[in-house]
Amino acid sequence: MAYDPKRIEPQWQRYWQKNATFRTDDDRSRPKFYVLDMFPYPSGEGLHVGHPEGYTATDIISRYKRMRGFNVLHPMGWDAYGLPAERYAVRTGVHPAITTRNNIGNFKSQVQRLGFSYDWSREFSTTDPDFVRWTQWIFLKLYERGLAYQAEVPVNWCPAQGTVLANEEVKDGKYVETGEPVERRLMRQWMLKITDYADRLLEDLDDLDWPEGIKTMQRNWIGRSVGAEITFVAAGSKERLTVYTTRPETIWGATSVVLSPEHPLASVMTTPAQRDAVNAYLARTAALSDVERSQERARTGVFTGTYVVNPATGTPIPVWIADYVVMGYGTGAVMAVPAHDGRDHEFARSFGLPIVAALAVPTGFDIHDKAWEGEGRLVNSGAWSGLDAPSAKKAAIAWLAEQGIGQPRKQYRLRDWLFSRQRYWGEPFPILHRADGVIVPLSEDALPLLAPELDDYKPTMAGDPPLARAQDWMRTSDPATGLAALRETNTMPQWAGSCWYYLRFADPKNAGALIDPTAEKYWLPVDLYVGGAEHAVLHLLYARFWHKVLYDIGVVSTKEPFQKLFNQGMILAFSYRDASGKYYRPDEVSERDGQWFAGNEPVSQQIEKMSKSKFNVVNPDEVIDLYGADAMRLYEMFMGPLDVAKPWQMSGVAGVSRFLHRVWRMVADDADGLSEQVCDIAPPGDIARLMHKTIRAVGEDIETMRFNTAISKLMEMSNALLALEQRPRAVVETFVLLLAPFAPHICEEFWRMLGHEASLAYAPWPSFDAVLAEDERREYVVQINGKLRHKLFAATGLSADALVRAVKDDPRVGELLEGKQIIKEIAVPDRLVNFVVSDRLS
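Residues numbered from 1 in each chain as written. Predicted model: local features only at pLDDT ≥ 70, side-chain atom pairs only at ≥ 80, totals over all residues. Heavy atoms only, no water.

S.K.: Outline the sheet that holds strand E16 (residues 431-434), listing residues and values.
M.R.: One open sheet accounts for four strands, arranged E17-E16-E19-E18; its pairing is antiparallel. Two strands in the sheet have a free side with no partner beyond their single neighbour: strand E17 (439-441) and strand E18 (475-477). Averaged over all pairs of adjacent strands, the angle between strand axes in this sheet comes to 40°, irrespective of strand direction. Where E16 and E17 come together, three bridges link them in antiparallel fashion. Paired with leucine 432 across the bridge in E17 is valine 440. (Pairing = 2+ DSSP bridges. Helix = DSSP H or I, 4+ residues; strand = E, 2+ residues; numbered from the N terminus. Axes fitted to C-alpha atoms, helices over the stretch in contact; angles between N-to-C directions.)

Set out below in structure tokens:
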């Protein structure tokens with residue numbers, strides 16, 4: 001019979017489920033490997049083909065590691081709290097618990113159709129009471145250590161949604177999801193002191209096997225800098241104003257002081273003549289988030305009417321208010337040095353403020369056109385003139401301290417984490433507010449504290465969170481004193497559960513502790529964590545923070561939760577749009593003479609992120625129905641390097657499906673038995689060498705997550721086997737084992753045909769003979785300007801480009817080419833490389 005994934009795949013999925021094939025072993029004598037996908041949020045829309053990309057990668061690694069003898073922990077669960085479910089409940093009246101449960105069922109069904117080898121016995125949701133209990137327990141530990149507190153802070157408040165929004169959820173003063181207006185408002189919120197861990201969060205990045213880009217983003221987010229606080233005194237009064245600067249040596253070029261609109265002295269520094277202008281400006285900036293204010297755009301500001309004295313020059317300089325200065329960094333006030341800071345320069349140019357150099361600039365550079373932000377010796381700086389910038393910085397800090405107007409200061413861009421939300425669908429805080437004003441944490445035996453069921457999830461008319469509607473739940477008493485008390489009605493953000501879920505997977509049924517110490521010491525840290533780069537800062541930084549707190553209180557024994565991080569690239573899709581911006585479904589367009597049309601309307605084809613509004617979402621169920629899960633898994637890994645974005649094309653799935661059909665004919669006969677061409681014969685020498693090379697190459701490619709090249713090598717091996725009249729059983733079995741992590745269903749079927757009763761999930765990974773796996777080598781000549789200069793050995797059959805790379809990697813060739821300019825590279829495959837060079841680099 002022909003290859004039929006619709007018959008094979010459900011059969012093996014039932015087998016794996018019935019036999020608990022992938023249930024994690026309790027044998028802790030074996031080496032462990034903990035591989036984890038970033039927690040998915042089960043939305044009502046289900047999966048599109050981009051979601052399984054990372055899941056497929058981790059499944060390949062998991063299957064490979066099991067075959068290598070590792071005890072593998074590969075779990076799955078659900079990050080189920082969040083605003084989307086609550087918004088849906090508001091629109092439909094269906095309780096979020098119901099929609100979340102339905103969405104999880106749909107997600108799980110789709111995931112299981114792809115044959116992922118998760119240990120489903122460890123599945124949980126962040127909304128499960130047992131999980132909520134330990135999330136609240138962690139909050140209590142944060143509170144006990146003084147790391148959780150309440151404060152009045154400026155927030156992004158969306159009146160229509162009745163909740164605080166993160167900076168990332170606001171653009172142009174509107175909520176990005178709905179377009180509803182957002183305003184800045186001071187509100188009392190729960191905060192977490194992540195800033196206490198800033199240095200450790202920064203320094204411990206060095207020991208992690210993470211992409212450098214992600215580590216750089218975290219370093220920039222933490223933003224540690226060393227500078228000075230400087231006090232400026234108002235001209236004609238004793239009012240003092242403190243600024244923070246990372247370049248105190250440039251104070252000689254400070255021509256104004258600029259305050260954040262939220263600065264407490266903004267009003268104090270405003271003269272009566274400027275009061276109306278300042279108030280109008282403050283009202284305009286109130287709707288902008290900190291992120292928007294820091295983006296590139298035209299600089300705005302308003303003069304307060306007040307001057308302060310530059311302590312270095314003795315010159316009065318004006319005090320302005322501008323929204324490019326944020327209260328969350330430094331002191332919320334800066335000394336503007338437009339000659340040496342790009343933002344200050346834009347501001348000065350916008351309002352005609354002086355631009356004075358404090359550092360020497362290159363010849364021909366005009367500071368009135370652009371700020372010089374590089375290094376340089378001081379100029380126009382009195383006795384400091386001529387000093388290099390590092391020496392001048394030390395001298396400036398010392399002088400400021402001597403004068404009593406400054407001090408050295410270490411500063412961070414990182415702010416304390418705003419941890420409360422005015423929402424229903426989140427973990428309640430285990431906190432009571434007693435009538436006498438005392439805050440009382442609940443005892444651990446009172447956990448979990450669950451939210452009551454509500455019919456109305458909107459905030460109250462007074463703007464209180466939805467839980468304030470549950471008066472019977474909210475009004476209680478302090479168990480210790482009997483005094484009347486109110487429960488906290490804010491809820492935790494959806495980040496809370498995802499901060500520690502990786503720990504619970506290692507010990508999910510423990511009723512007496514967050515995690516058993518022996519389980520933690522065995523499984524932690526996570527060996528491989530795979531997910532999108534969009535989580536580079538928030539989730540990863542928050543999880544690292546919580547982990548370090550748990551380390552400090554002895555719950556975990558490792559300083560970091562995720563040792564290796566890998567970010568998969570996004571899978572994009574073609575979309576079709578006309579000149580007016582209207583999108584069309586793929587089945588509404590056709591191509592004629594190289595141009596796309598929707599009927600007679602010309603449309604453009606582009607590659608974009610998948611979106612329902614762009615009609616370019618591809619449902620994995622449809623792909624599986626057409627070609628099977630193995631074909632979809634193989635295609636997603638064969639599209640290109642895992643970490644780059646690439647467009648989805650159904651023709652590519654069809655191509656991979658044809659490969660699987662050829663492999664089926666290579667192994668199976670017409671009756672779904674083993675082909676008679678598979679024989680117990682010794683492999684020919686060339687096939688033996690190919691087999692051992694493929695074993696080595698596929699193993700190395702899986703270890704380094706180069707799945708596309710591994711599949712290419714498997715295709716080469718299958719082509720060689722298909723060309724044989726008789727196929728050595730040992731080579732065919734090896735091929736099946738190598739293909740199994742990528743296409744497990746068809747390989748399980750082959751393994752059964754080959755006479756094995758047990759699943760191949762734990763069959764040993766094939767070993768290779770190092771001699772046979774070695775590429776055949778030959779001697780190559782290296783010429784420079786046509787003259788023989790060196791000889792070396794390299795693999796035979798290299799392409800011209802590969803041969804040049806191999807030759808240039810040789811240390812002796814590097815010495816011969818040092819200091820010379822390569823004009824041309826001439827490669828003759830299997831013979832020589834000639835470098836045409838000039839004597840010296842110009």
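That was the structure; now back to the text.
S.K.: Describe the pairing of strand E19 (residues 484-487), with residues and values.
M.R.: Burial of the side chains of E19 is restricted to one face: Ala485 and Arg487 are buried, whereas none of Ala484 and Leu486 on the reverse face is. Direction of pairing for E18 relative to E19: antiparallel, over a ladder of three bridges. Its bridge partner lying in E19, threonine 476 is registered against alanine 485. Between the end of E18 and the start of E19, which pair antiparallel, lie six residues, with glycine 482 showing a positive phi angle near 80°. (Buried < 20%, exposed > 50% of the residue type's maximum accessible area, 1.4 Å probe, protein only.)

S.K.: Residues and numbers for the environment of phenylalanine 707, please.
M.R.: With respect to the helices and strands, the residue phenylalanine 707 is situated in helix H21 (residues 707-722). The class of phenylalanine 707 is buried, set by a relative accessible area of 2%. As a C-alpha pair, phenylalanine 707 and proline 641 span 66 residues in sequence and 7.3 Å in three-dimensional space. Those residues in contact with phenylalanine 707 that sit more than four places away from it in its chain are Ala57, Ile60, Ile61, Met637, Leu642, Asp701, Ile702 and Phe742. (Contact = heavy atoms within 4.5 Å.)

S.K.: Talk me through the pairing of strand E11 (residues 302-309); I want residue IDs and the actual numbers.
M.R.: Summarising the sheet, strand E8 (residues 225-234) and E11 pair through two bridges and their orientation is antiparallel. What sits directly across from alanine 234, in E11, is valine 308. As paired elements, E11 and strand E12 (residues 316-321) share five bridges and run antiparallel to each other. Bridged to valine 309 within E12 is proline 316. What sits between the antiparallel neighbours E11 and E12 is a turn of six residues, in which glycine 314 has the positive phi angle 75°.

S.K.: For the side chain of glutamate 520, give the residues involved together with the corresponding values.
M.R.: Looking at where glutamate 520 falls in the secondary structure, it is placed in helix H15 (residues 517-523). Buried charge without a partner: glutamate 520 forms no salt bridge, and the closest opposite charge is lysine 521, 4.5 Å away. Beyond its immediate sequence surroundings of up to four residues, glutamate 520 is in contact with Ile515, Val555, Val556, Ser557 and Thr558. (Lys, Arg positive; Asp, Glu negative; His and termini not counted. Salt bridge = Lys/Arg side-chain N within 4 Å of Asp/Glu carboxyl O.)

So, to be careful, I would describe these as geometric facts and stop short of saying anything about function.
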